[in-house]
Amino acid sequence: MKTSYQIVRPAETSDDELRIDPALVERWLVRFLRDELVVARNIKKAVVGVSGGVDSAVVAFLCARALGPKNVLGVRMPYATSSPTSAKHGRLVIEETGIDDRVVDITAAVDGYLAQAPDAGAQRRGNVMARVRMIALFDQSAKIGGLPIGTGNKSERMFGYFTWHGDDSPPINPIGDLFKTQVWALARHLGVPRAIIEKPATADLIRGQTDEDDLGISYAQADRILSRLLSGHDVDDIIASGFVAKDVLLVKRRVDATHWKRHLATTAMISNTAINEFYLRPVDY
Amino acid sequence: MKRRTQRLIKPLGLVPRPGRSGARSPKSGRPIGLALVQFAPVKGDVDANLGAIGDALAALKRDAGPFPDVVVFPEACLSGYFVEGAVREVALTSDNLFKSLHGTAAKALGASHRPFDIVAGFYEADGGKLYNSALYATIGRSGAIRHVHRKLFLATYGVFDEERFVSRGRTIEAFDTPHGRAAILICEDACHSLATTIAALRGAQILYIPSASPGRGLEDAEPANVRLWRDITRVAAAEHGIFIAYSGLLGFEGGKGFTGSSRLIGPFGDLRAEAPFDAPAILRVDVDPVDLAAARAALPMLGDLEANLAELTAMLDDEAALRPRPRRSNRSTVKVDRSKPSRRR
């Protein structure tokens, strides 16, 4: 009698390497915020720069849940050219989370400096805005005895798509290890208004600007390429797995050109007690 | 089920090893009360963390039922895990830790408390060297240090950098306690089946694993490292027919969140109980040493291993011979410390 074989293959599993369990991530990040702020630093208040975009919306929602909405200050910092949609969505985040609201118009501060730098192009002007917002955020934090909370996601951090010592400066960041597409997934779970999730991501430093135009690639593509690069796959492997060579090379170039932005200042080592070289203490020691 | 006596274990040739301290193997039929504690230490504050240990002891005193026989605390729980170059500032000698625990217990339980055993992970200073260690001691009347295990597998990859700051231990010992023959492995030690095998071959009936596992992999309902540790401990317990008591550190340290999940695994690899991964907890569970006999009779893996040990050892020797012997390299492979922890001498 012939043996009849059943062919067995692995069960269908999600091939989405960016998959997260948003409920678990929420639980994890709420505890992160409580532990790092309240337990480790004895600080009970948080300050979030609310831009109207999805990253700061997610951080505002998380902070409200971790600390209670009345212990969170949302600071909206428009510049004269900021989009009205950003302002509208910023207000929406404040309303939905119930956090305290403060508007600091940065136009005068930015223009005050730029009056002395009339040759500044769009990039320099954008950097000045980001750094003025950093000043306002830290000052508002000092005022209420809180700490600024970072809103940079992993995609923009890997791309170096931020202003160094500007929007990357807050000392605590709950979403810095989440790619942009994962931030969107978390936002849907947290109940961030759909209009904020579904609009094109933008730094809103220049009129009409979008992240994906600036970067030259969609986040959906970029995040998958980034994820594979970070997991140790080389460019040839990633191209062979079906990605467009131009996209893979673009991502790789951006990552390689911006390692410096993910570090503090390079300091000349003179002694065998050089800080962070020989003298090593963890941030929470 | 009729309880088996310790004598039934002996014909299997597995458990009894001469008790060097003269301590007896567990009395048959008397369950061992275990309490596995998980808490978030205050970084670098040994006194505050002794206070947290005292809080756990006081909570156990208030809790219904008899005070546990053995209370287990996580890896590096006196200081926090990630201390980098501050190890020297937070390290204790085992004698100092023993005395401190003695005082902590007297304060929490009253000076005339019933003796109990304690397992606690700490950074150890000994003769100018530093280790990631765990102490096993009896606290109370006729208290004594029974063993100090020094972590062999110092995690030094990715987020971990242990070997930069501490020296590695050299031995895996089993030791007699008032509550059975035991061994300790710290965190990554227990990921290596050879290490759990040696502990079992040396007669350990219960393996204590103080651990500190930072959570990562949040794609499913629980962190991936929690699932991995559950699997590792279940397989090790089933393979050797031993109890495994795993106590996990808790709390965020510089953005890295430790995933408690303290658990007790029975000698069939059966998960008896597990604490949550993100909340302070004391897991109380009683284990009956006679379960070992049942497990080892049904699944005589350790006996089979002993039967094949000579050939396996020869194969390991062959493999070792194929690899270059370390000549002069880093501290971990050159300055071979043949000495055993002081209390073992």
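Up top is the structure these notes are about.
Overview of the structure. (Residues numbered from 1 in each chain as written. Chains lettered and ligands numbered in written order. Predicted model: local features only at pLDDT ≥ 70, side-chain atom pairs only at ≥ 80, totals over all residues. Heavy atoms only, no water.)

**A short note on the pattern of salt bridges**
For clarity, the cut-off: Any Lys or Arg side-chain nitrogen located within 4 Å of an Asp or Glu carboxyl oxygen qualifies as a salt bridge. Helix numbers and strand numbers start at the N terminus; a helix is a DSSP run of H or I with at least 4 residues, a strand a run of E with at least 2. Burial here depends on accessible area, computed with a 1.4 Å probe over protein chains only, as a share of the maximum for the residue type. Under 20% is buried, over 50% is exposed, and the range in between is partly exposed.
Per the counting criterion, the structure on display carries 34 salt bridges over all chains. A salt bridge links Arg19 of chain A to Asp220 of chain B, with the shortest nitrogen-to-oxygen separation between them at 2.7 Å. Here Asp220 of chain B lies in the loop between strand E8 (206–211) and helix H5 (224–240) and Arg19 of chain A lies in the segment before helix H1 (22–41), a pairing that spans two chains. The exposure class of Asp220 of chain B is partly exposed, given its relative accessible area of 28%. Close ionic contact of Asp119 of chain A with Arg124 of chain A constitutes a salt bridge, the shortest N to O distance being 3.4 Å. A single network of salt bridges, built from pairs that share partners, joins Glu222, Arg230, Arg263 and Glu274 of chain B.

**Brief notes about the nonpolar core**
What counts here: Put simply, buried Ala, Val, Leu, Ile, Met, Phe, Trp, Tyr and Cys residues joined by side-chain atoms within 4.5 Å make one nonpolar core. We call two residues in contact whenever any of their non-hydrogen atoms come within 4.5 Å of each other.
With 65 residues, the main nonpolar core has Val58, Leu62, Ile149, Leu186, Val192 and Val251 of chain A as its most contacted residues. Top element by residues in this core is helix H2 (residues 54–67) of chain A. It accounts for eleven residues. Those residues within four positions of Leu186 of chain A in sequence are excluded, and the remaining contacts are Ile20, Pro22, Val25, Glu26, Leu29, Val58, Leu62 and Leu178 of chain A. Among the nonpolar cores identified, the runner-up in size contains 50 residues, and Phe73, Phe116, Ala120 and Phe165 of chain B belong to it.

**Here's the deal with helix H3 (residues 94–109) of chain B**
All names here are of chain B. Here is the rule: One less than the number of residues in a helix, times 1.5 Å, gives the span that helix is expected to have. Our arc is simply the arc of the directions from the helix axis toward the C-beta atoms.
For H3, with 16 residues, the first-to-last C-alpha span of 22 Å sits near the 22 Å given by 1.5 Å per residue. Every buried residue belonging to H3 is among Ser94, Leu97, Phe98, Leu101, Thr104, Ala105, Ala108 and Leu109, and all of these are buried. One face of H3 carries all of its buried residues, which in axial projection span an arc of 125°. For H3, exposure combined with an orientation more than 90 degrees from the buried face picks out Lys99 and Lys107. Buried residues in H3 make contact with helix H1 (46–62), strand E3 (116–126), strand E4 (129–139) and strand E5 (144–150). Residue Gly110 follows H3 closely and has a positive phi angle near 95°.

**Describing the packing of helix H4 (residues 193–201) of chain B against helix H7 (residues 301–322) of chain B**
All names here are of chain B. For clarity, the cut-off: Where helices are involved, their axes are fitted lines through C-alpha atoms of the stretch in contact, as for all axes, and angles between N-to-C directions lie from 0 to 180°. Should an angle fall under 35 degrees it is called roughly parallel, over 145 degrees roughly antiparallel, and 65 to 115 degrees roughly perpendicular, with every other angle called oblique. Whether a crossing is left-handed or right-handed is set by the direction in which the near helix is turned from the far one by less than a right angle, anticlockwise for left-handed and clockwise for right-handed. Here the term charged refers only to Asp, Glu, Lys and Arg, the term nonpolar to Ala, Val, Leu, Ile, Met, Phe, Trp, Tyr, Cys and Pro, and the term polar to all other amino acids, Gly among them.
For the pair H4 and H7, interaxial distance at closest approach is 12 Å and the crossing angle is 125°. By the angle class used here, H4 and H7 are oblique. Note that H4 runs across H7; the crossing there is left-handed. Taking contact as the criterion, the partners of Leu194, Thr197, Ala200 and Leu201 in H4 are, on H7, Leu302, Leu305, Glu306, Leu309 and Leu316. The residue inventory of the contact of H4 with H7, partitioned by class, reads seven nonpolar, one polar and one charged.

**Examining the sheet that holds strand E6 (residues 174–177) of chain B**
Sheet strands pair by backbone hydrogen bonding; their relative direction is either parallel or antiparallel. All names here are of chain B. Heads up, the rule is: Two strands make a pair as long as DSSP finds a minimum of two bridges between them.
The six strands lie next to each other as E6-E7-E8-E9-E12-E13, forming an open sheet whose pairing is mixed. Because the sheet does not close on itself, it has two edges, and the strands there are E6 and strand E13 (271–274). Each neighbouring strand pair of the sheet contributes to a mean axis angle of 20°, computed without reference to strand direction. The pairing of strand E7 (residues 180–184) with E8 spans three bridges and is classified as parallel. Along E8, the bridge assignment pairs Ala182 with Ile206.

All we've got here are geometric facts, nothing functional implied.
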